[in-house]
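Each chain, written out:
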Amino acid sequence: DAEKAEFHLQQALKLASGLSAKTKLMAIYSEGATVYEKLQDYQKAYRMSLQHHTLYDSLLRGERTRQIADMREKYETAQKEKEITSLEEGRRIADLELEQERNQNLMLIGASILLVIILILVSVFFLQVRKQKREVESRNAIISEINQDLEKSRNELIISNQTKDKFFALVAHDLRGPVTSLQGMGQMLDYYTKKGDSDRLFMLTSQLDQATSSVSHLLDNLLKWALTQTQGLSFQPERFQLNALINDTVQVFDQAVRAKEVVIELIMEQEVKVRADYNMMSTVFRNLLSNAIKFSPLKKKVTVMVAMQAGLATISVSDQGEGIPQSVIDQITSDGLVSSSAGTLGEKGTGLGLSLCKQFMDLHDQRLVIANTGHGTIITFYISVA
């Protein structure tokens, strides 16, 4: 029934249009084209068919658009998932790299700590070795010093023994003559006393006095030299008149001067006060004057001169003898013992006099200068002026 169909078609169109049910509308347009074709209203049939196709195309485009949108959404989702996966993979790689870096840092720290420990151990070992080396060097130095001291003591002992042997030889040699002379004089005195020869007795008495003076002087030098060798002679400086010491010492040798007819010339300025050890200076001047008289030929002159020089009193004793050999001078200035030489009248000595003078001047931090003048010997020593 085409008429009823048209009526229901219009109702369906209203309902579908009101509901915006496009799929239903598309079906109604298709049925509407069939209905109007039955009613032979081809214009409406064409319109219905056109609307059907238009709506169909619209729905088809919408479906395609939706499919494209779905595909795009799926693509984007896939891309995001891929990016997420990539990010997660990157994060895992970063975590692995971070873990690897952390492990490397831990290994580096461990290696650094181990290196520090090794350096500390090496330093401790090096310090220990150096300490031991220093201890060994210190012990070696001590041993070397001890060896040097022993060698020095050995050399000093050898020199001391040699000096002692020489000293005993000198003493035995130089004392034998005066003692033998005294023994002979004693026998001669007894002989001439019994004989009543006063002239001979007077001559022997003079010789006896000279011999005993010589022995006394010799023993005094021996005693003082022995004290200097054992540090038993104390150094006691004091103030005294130098002129008085010289005058007193000259008087001691009055007998020897007369025997040789020697002239002693004193050249002294004003009274001079000095500071020194009186006994030592007395021994020095007595030995120098004794040697000058001893080695002076008969009727010659011995000169004693005192002068001032830069706060020092300069005392010179010169004679007109043959002079002292340079080898003997060198031996005296090196504190060596020298063999005594006989005087011009055969006077004996110990050879200790000048060596003793040199040692006494060293104790005063002063010099003893010995020189040959070409026509004798001049010996000079210095004393600090008080």
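What comes next is a walk through the structure. (Residues numbered from 1 in each chain as written. Predicted model: local features only at pLDDT ≥ 70, side-chain atom pairs only at ≥ 80, totals over all residues. Heavy atoms only, no water.)

**Here we look at helix α5 (residues 242–252)**
Line of reasoning, step 1. Listed as buried for α5 are L242, N243, L245, I246, T249 and V250. Along α5, the residues classed as buried sweep out an arc of 160° about the axis, all on the same side. Residues of α5 that are exposed and angled more than 90 degrees away from the buried face: Q251 and V252. (Buried < 20%, exposed > 50% of the residue type's maximum accessible area, 1.4 Å probe, protein only. Helix = DSSP H or I, 4+ residues; strand = E, 2+ residues; numbered from the N terminus. Arc of directions from axis to C-beta.)

**Some thoughts on unusual backbone geometry**
Line of reasoning, step 1. You will see that E261, though not glycine, has its phi angle at about 55°, which is positive.
Line of reasoning, step 2. Accessibility expressed as a relative area gives 46% for E261, which makes it partly exposed.
Line of reasoning, step 3. Positive phi, normally seen in glycine, also occurs at D365, with a value near 55°.
Line of reasoning, step 4. By the element assignment, D365 lies in the loop between α9 (353–363) and β6 (368–372).

**What to know about the environment of Q331**
Line of reasoning, step 1. Inspection of the secondary structure puts Q331 in helix α8 (residues 326–333).
Line of reasoning, step 2. On the basis of relative accessibility, which here comes to 29%, the residue Q331 falls in the partly exposed class.
Line of reasoning, step 3. A sequence separation of 24 residues divides Q331 from S355, and the C-alpha atoms of the two residues are 8.8 Å apart.

**Topic: the pattern of salt bridges**
Line of reasoning, step 1. Going through the model one piece at a time under the given rule, you end up with ten salt bridges.
Line of reasoning, step 2. We note a salt bridge from E151 to R154, for which the minimum N-O separation is 3.4 Å. Of this pair, E151 and R154 both sit in helix α3 (residues 42–195), three residues apart, which is roughly one turn of the helix.
Line of reasoning, step 3. For R154, a relative accessible area of 47% translates into the label partly exposed.
Line of reasoning, step 4. Linking K301 and E265 is a salt bridge whose minimum nitrogen-to-oxygen distance equals 3.1 Å. Taken as a pair, K301 in strand β4 (residues 301–309) and E265 in strand β2 (residues 263–267) lie far apart in primary sequence, 36 residues in all.
Line of reasoning, step 5. Judged by relative accessible area, which is 33%, K301 ranks as partly exposed.
Line of reasoning, step 6. In this structure E265 comes out as partly exposed when scored by relative accessible area, which is 29%. (Salt bridge = Lys/Arg side-chain N within 4 Å of Asp/Glu carboxyl O.)

**Things to note about the nonpolar core**
Soluble globular proteins tend to bury their nonpolar side chains together.
Line of reasoning, step 1. Judged by nonpolar contacts, the single largest core of 39 residues is most densely connected at L242, M281, F285, L288, L289 and F381.
Line of reasoning, step 2. It is helix α7 (residues 278–294) that provides the largest number of residues to this core, a total of eight residues.
Line of reasoning, step 3. Beyond its immediate stretch of four places on either side in the chain, F285 contacts L245, I246, T249, V250, V304, I315, V317 and F381. (Core = buried A, V, L, I, M, F, W, Y, C linked by side-chain atoms within 4.5 Å. Contact = heavy atoms within 4.5 Å.)

**Examining the packing of aromatic side chains**
Two numbers describe a pair of aromatic rings. These are the distance of the centres and the angle of the planes.
Line of reasoning, step 1. In the structure shown here, the tally under the stated rule is one aromatic pair.
Line of reasoning, step 2. Measuring from ring centre to ring centre gives 5.0 Å for F240 and Y278, while their planes differ by 85°; the resulting arrangement is edge-to-face. With F240 in strand β1 (residues 238–241) and Y278 in helix α7, the pair connects residues that are 38 residues apart, well separated along the chain.
Line of reasoning, step 3. Overall, the relative accessible area of 9% leaves F240 in the buried class.
Line of reasoning, step 4. Assessed through its relative accessible area of 27%, Y278 is described here as partly exposed. (Phe/Tyr/Trp six-rings, centres within 6.5 Å; stacked < 30°, edge-to-face > 60°.)

**Considerations on the packing of α5 against α7**
Line of reasoning, step 1. In the contact formed by α5 and α7, the axes pass within 10 Å of each other and the chain directions differ by 45°. Relative to α7, the element α5 is oriented oblique. Considering only the axes of α5 and α7, their crossing is right-handed. Along its contact with α5, which presents L245, I246, D248, T249 and V250, the element α7 presents Y278, M281, S282, F285, R286 and L289.
Line of reasoning, step 2. The class makeup of the residues in the contact of α5 with α7 is seven nonpolar, two polar and two charged. (Axes fitted to C-alpha atoms, helices over the stretch in contact; angles between N-to-C directions. Parallel < 35°, antiparallel > 145°, perpendicular 65-115°, else oblique. Left-handed = near helix turned anticlockwise from the far one by under 90°. Nonpolar A, V, L, I, M, F, W, Y, C, P; charged D, E, K, R; others polar.)

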